[in-house]
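Residues per chain, in single letters:
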Amino acid sequence: MTQAVGRARAHTNIALIKYWGKRDKDLFLPMNSSLSLTLDAFYTDTKVVFDDNLTEDRFSLNGKLQSEKEISKISRFLDLFREYKDESRFARVESLNFVPTAAGLASSASAFAALALATATALELELSPEELSTFARRGSGSSTRSLFGGFVEWDKGTCSADSMARPVDDASWDIGMIILAVNTGQKKIASRVGMEHTVATSSFYQAWVDTAAEDLENIKKAIALRDFETLGKITEHNGMKMHATTLSANPPFTYFSAKSLEAQEAVRTIREELGISAYMTMDAGPNVKVLCRQSDMERLVRALQDYLPAEKIIPSLPGKDAFVLTEEEWQASLATFTGEPR
């Protein structure tokens, strides 16, 4: 056999309890445990082919062959699997990103989760999803959570072997999220750069780590009780605390833009004046995510249209577990791909 093929789809996730800071940069071990909601609106499809005839790894994203730097990054990730399986073949990787890249919409999360599952499928690795998440983590920390649907916890663990994701709840109890895509261009400060600078220089950082652990326990209780109001309040507070660490870094920086602040104010106004339960969060990028009840989503979208163009408002339901694609499903993705999320 000269070829081994795997294909997979993984959805993005938005952290409600943020991952912000590493205690081990090489192993991608986080300072704190985190919790997210997987979304169905954004995803990555990836095909991996290990081939005897290849003399080097190849990587194309959205139909374009990537730079040597990006290919090297993918090769290092594939090496984790090659070493585990004692595999010597090079691979051809093709990815379709139905997510704006590097805009704070978790494109790397879905990308490396899909790559991990496609690679494990190609090499016929017998790994549980939790075990596979420890491999995905080495490409992008947040990808650990994108292997599962609904609410997902990434346990920081004690070492590389137990720093893994686990499903918490399928989020099937009237949960929704709206993305306010105020700017989907590439952000100026990469998450990893901002994270390292914050950990090294922010006087607020240790307080962030200490309170994140408490937030995680409280939000899991709220999920167990299906207490949406408490869930939303913890989500909003935790996200704003994370961004406070960037403002207290030296020199300070922020992922907020003027449009981000306008979107935040719109959410507050709608919540206070219309009484719609809606709570915001932001990752390392300018876009605002609004946690809401699925049953309020249509009304909330209409209200937000008084503040933002309709095309900037993207509703999403909870996403599901990453899954293996057939060749027919892969070909269908190729045929429908336009370079924009759908």
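Note: the structure precedes this text.
Summarised in this report is the structure supplied together with it. In this text the structure is predicted, and so the values were computed from the model without any measurement.

Before going further, it helps to examine the packing of helix H5 (residues 205-225) against helix H6 (residues 228-247). It is the contact of H5 with H6, at a shortest axis distance of 10 Å, that shows an interaxial angle of 165°. Between H5 and H6, the angle is such that the two are roughly antiparallel. By crossing handedness, the relation of H5 to H6 is classed as left-handed. Packed against H5, whose contacting residues are Tyr205, Trp208, Thr211, Ala212, Asp215, Asn218, Ile219, Ala222 and Ile223, the element H6 presents Thr230, Leu231, Ile234, Thr235, Asn238, Lys241, Met242 and Thr245 at the interface. The class makeup of the residues in the contact of H5 with H6 is 9 nonpolar, 6 polar and 2 charged.

Attention now goes to the sheet that holds strand S10 (residues 175-180). In space, the 4 strands of this open sheet follow the order S11-S12-S10-S13, with antiparallel pairing throughout. Strands with a single pairing partner mark the edges of an open sheet, and in this sheet they are strand S11 (278-281) and strand S13 (313-316). Strand-to-strand twist in this sheet, taken as the mean axis angle between neighbours without regard to direction, amounts to 25°. Two strands pair when backbone bridges link them, and S11 and strand S12 (residues 288-293) are joined in this way by 4 bridges, in the antiparallel orientation.

Scanning all chains against the criterion turns up 11 aromatic pairs. Where Phe253 meets Tyr255, the ring centres are 5.6 Å apart and the plane angle is 80°; that geometry is what we call edge-to-face. Its relative accessible area of 11% is what places Phe253 among the buried residues. An aromatic cluster of three or more residues is present, and its members are Phe77, Phe81, Tyr84, Phe112 and Phe135. Lys320 extends its terminal NZ or CZ atom over the ring of Phe323, reaching a point 4.9 Å from the ring centre.

Let us now look at helix H1 (residues 68-85). Counted at 1.5 Å a residue, the expected span for H1 with its 18 residues is 26 Å, and the 25 Å between its end C-alpha atoms agrees. Approximately 25° is the largest bend angle found in H1, and it occurs at Leu78. Burial in H1 covers these residues: Ile71, Ile74, Ser75, Phe77, Leu78, Leu80, Phe81 and Arg82. On its buried side, H1 packs onto strand S4 (34-51), strand S5 (58-61), strand S6 (64-65), strand S7 (90-98), helix H2 (107-122) and helix H3 (129-136). Looking at the residues trailing H1, positive phi occurs at Asp86, about 60°.

What counts and how
Residues numbered from 1 in each chain as written. Predicted model: local features only at pLDDT ≥ 70, side-chain atom pairs only at ≥ 80, totals over all residues. Heavy atoms only, no water. Axes fitted to C-alpha atoms, helices over the stretch in contact; angles between N-to-C directions. Helix = DSSP H or I, 4+ residues; strand = E, 2+ residues; numbered from the N terminus. Parallel < 35°, antiparallel > 145°, perpendicular 65-115°, else oblique. Left-handed = near helix turned anticlockwise from the far one by under 90°. Contact = heavy atoms within 4.5 Å. Nonpolar A, V, L, I, M, F, W, Y, C, P; charged D, E, K, R; others polar. Pairing = 2+ DSSP bridges. Phe/Tyr/Trp six-rings, centres within 6.5 Å; stacked < 30°, edge-to-face > 60°. Buried < 20%, exposed > 50% of the residue type's maximum accessible area, 1.4 Å probe, protein only. Lys NZ or Arg CZ within 6 Å of the ring centre and 35° of its normal. Expected span 1.5 Å × (residues − 1). Bend = angle between axes of the 7 residues up to and from the residue.

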